[in-house]
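Here's the letter readout for the chains.
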Amino acid sequence: MSDGAMTYRSFRHLAAIMLLAGLPLAACSQQPSAERPPLEGAAIGGPFTLIDKDGKSVTWDSFKGSWRVVYFGYTFCPDACPLDVQSLMRGFALFEKSHAAQAAKVQPIFITIDPARDTPEVVGQWTAAFSPRLLGLTGSPEQVDKAAKAFAAYYKKGAETSGGYLMDHSRIAYLMDPDGKPIAMLPIDQKPEAVEAELARWVK
């Protein structure tokens, strides 16, 4: 599926989440206030158990006390995921330079939606290419599905072809607070400076 269609699906799913949580859809287009995060009260986030590059179990509570950025994708993604994660981590690198103390409190997390191919080793190598700060997680299909549902992340396996298969999926980088509550979507479809600015807006 094209990047544009995937982005549209992302916002369609976000709109559904906000409706279920009783949040105004206008929050998608309005500038967020300093007092009320745009995703405040949304049904995003929840417990999961996954596996890191070393094969060790990682739970959502493992990050308690840290700000978290969560993105669902897959390493065989031909264009969307590399572009999104590159924008995310370049923005995060700028944030580290301008707000070192605050950045130290943030854990960027990449969760695969293609566990059949994304082994711990594969995910570890892929995320390391973007930043040593980016943590890659995988798991069994059941574990991944539970995590994706907790974050209202859409994904679906495409048709098998001679070159393999693609995965259709939503493209959202969620910023979560130290208690694991949703704060905002990071603008990974924009320049890294926009990601830096949004991190600086919320992470204190």
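Higher on the page you've got the structure.
Keep in mind that what you see is a predicted model, and the values were worked out from it rather than measured.

Rules and cut-offs
Residues numbered from 1 in each chain as written. Predicted model: local features only at pLDDT ≥ 70, side-chain atom pairs only at ≥ 80, totals over all residues. Heavy atoms only, no water. Buried < 20%, exposed > 50% of the residue type's maximum accessible area, 1.4 Å probe, protein only. Helix = DSSP H or I, 4+ residues; strand = E, 2+ residues; numbered from the N terminus. Pairing = 2+ DSSP bridges. Right-handed = clockwise from strand over helix to strand, strands pointing away. Expected span 1.5 Å × (residues − 1). 1 Å grid on protein atoms, 1.4 Å probe; cavity = no way out; pocket = protein on both sides within 12 Å on 5 of 7 lines; lining within 4 Å. Points joined across faces, edges and corners; volume = space filled by probe spheres on them. Nonpolar A, V, L, I, M, F, W, Y, C, P; charged D, E, K, R; others polar. Axes fitted to C-alpha atoms, helices over the stretch in contact; angles between N-to-C directions. Parallel < 35°, antiparallel > 145°, perpendicular 65-115°, else oblique. Left-handed = near helix turned anticlockwise from the far one by under 90°. Contact = heavy atoms within 4.5 Å. Salt bridge = Lys/Arg side-chain N within 4 Å of Asp/Glu carboxyl O. Arc of directions from axis to C-beta. Phe/Tyr/Trp six-rings, centres within 6.5 Å; stacked < 30°, edge-to-face > 60°. Lys NZ or Arg CZ within 6 Å of the ring centre and 35° of its normal.

**Digging into the pairing of strand β4 (residues 106-112)**
Across the seven residues that make up β4, a large majority, six, are buried. Of the pairings in the sheet, the one linking strand β3 (residues 67-73) to β4 comprises seven bridges and is parallel in character. Across the sheet, residue tryptophan 67 finds its bridge partner in β4, namely valine 106. Sheet analysis places β4 next to strand β5 (residues 135-137), joined by three bridges and oriented parallel. The residue bridging isoleucine 109 from the neighbouring strand is leucine 135, located in β5. Following the backbone out of β4, through helix α4 (residues 120-128) and into the adjacent parallel β5, one traces a crossover that is right-handed.

**Some thoughts on helix α2 (residues 80-98)**
For α2, which comprises 19 residues, the first-to-last C-alpha distance of 27 Å matches the rise-based estimate of 27 Å (1.5 Å per residue) to within 8%. All of the buried residues in α2 are Ala80, Cys81, Asp84, Val85, Ser87, Leu88, Met89, Gly91, Phe92 and Phe95.

**Remarks on empty space enclosed by the protein**
Applying the stated rule across the entire model yields one cavity of 30 Å³ or more. By volume, the largest cavity amounts to about 40 Å³. Around the largest cavity, the lining residues are Val70, Phe72, Phe151, Ala152, Ala153, Ser170, Ile172 and Tyr174. Of the residues that constitute the lining of the largest cavity, the class distribution is seven nonpolar, one polar and no charged.

**Digging into the packing of α2 against helix α6 (residues 192-202)**
Closest axis-to-axis distance for the α2/α6 pair is 7 Å, and the angle between their directions is 55 degrees. Between α2 and α6, the angle falls in the class oblique. As α2 packs across α6, the resulting crossing turns out to be right-handed. For the pair formed by α2 and α6, the contact residues are Ser87, Leu88, Arg90, Gly91, Phe92, Leu94, Phe95 and Ser98 on the first element and Pro192, Glu193, Val195, Glu196, Leu199 and Ala200 on the second. Taken together, the residues of the contact of α2 with α6 break down into eight nonpolar, three polar and three charged.

**Quick notes on the environment of serine 62**
Mapped onto the secondary structure, serine 62 falls in the loop between β2 (57-59) and β3. Look at serine 62 and you get partly exposed, because its relative accessible area is 46%. It is 9.5 Å that separates the C-alpha atoms of serine 62 and threonine 49, two residues lying 13 residues apart in sequence.

**Observations concerning unusual backbone geometry**
For alanine 152, which is not a glycine, the phi torsion comes out positive at approximately 55 degrees. With respect to the element layout, alanine 152 can be found in the loop between α5 (141-150) and β6 (155-157).

**A few points about the pattern of salt bridges**
For the coordinates displayed, the defined rule picks out eight salt bridges. Residue arginine 133 pairs with glutamate 96 through a salt bridge whose shortest N-O separation is 2.9 Å. With arginine 133 in the loop between α4 and β5 and glutamate 96 in helix α2, the pair connects residues that are 37 residues apart, well separated along the chain. On the basis of relative accessibility, which here comes to 29%, the residue glutamate 96 falls in the partly exposed class.

**Some remarks on α4**
Because each turn of an α-helix spans 3.6 residues, side chains separated by three or four positions end up pointing in the same direction. Regarding α4, the residues found buried are Val123, Gly124, Trp126 and Thr127. On an axial view of α4, the arc spanned by its buried residues comes to 165 degrees, and they lie on one face. Exposed and facing more than 90 degrees away from the buried side of α4 are Glu121 and Gln125. Elements that come into contact with the buried residues of α4 comprise α2, β4 and β5.

**A short note on the packing of aromatic side chains**
On inspection of all chains with the given rule, the structure shows nine aromatic pairs. Their ring planes at 55 degrees and their centres at 4.7 Å tell us that tryptophan 126 and phenylalanine 130 sit as a pair that is tilted. For tryptophan 126, a relative accessible area of 14% gives the class buried. An angle of 35 degrees between the planes, with centres 6.4 Å apart, marks the rings of phenylalanine 151 and tyrosine 174 as tilted. Here phenylalanine 151, found in the loop between α5 and β6, pairs with tyrosine 174, found in strand β8 (residues 173-176); they are 23 residues apart in sequence, far enough to count as distant. The exposure classification of phenylalanine 151 matches that of tyrosine 174, with both residues buried. An aromatic cluster of at least three residues, connected via ring pairs, comprises Phe48, Trp60, Phe63, Phe72, Phe151 and Tyr174. For arginine 117, the ring lying beneath its charged end belongs to phenylalanine 76, and the centroid distance is 4.4 Å.

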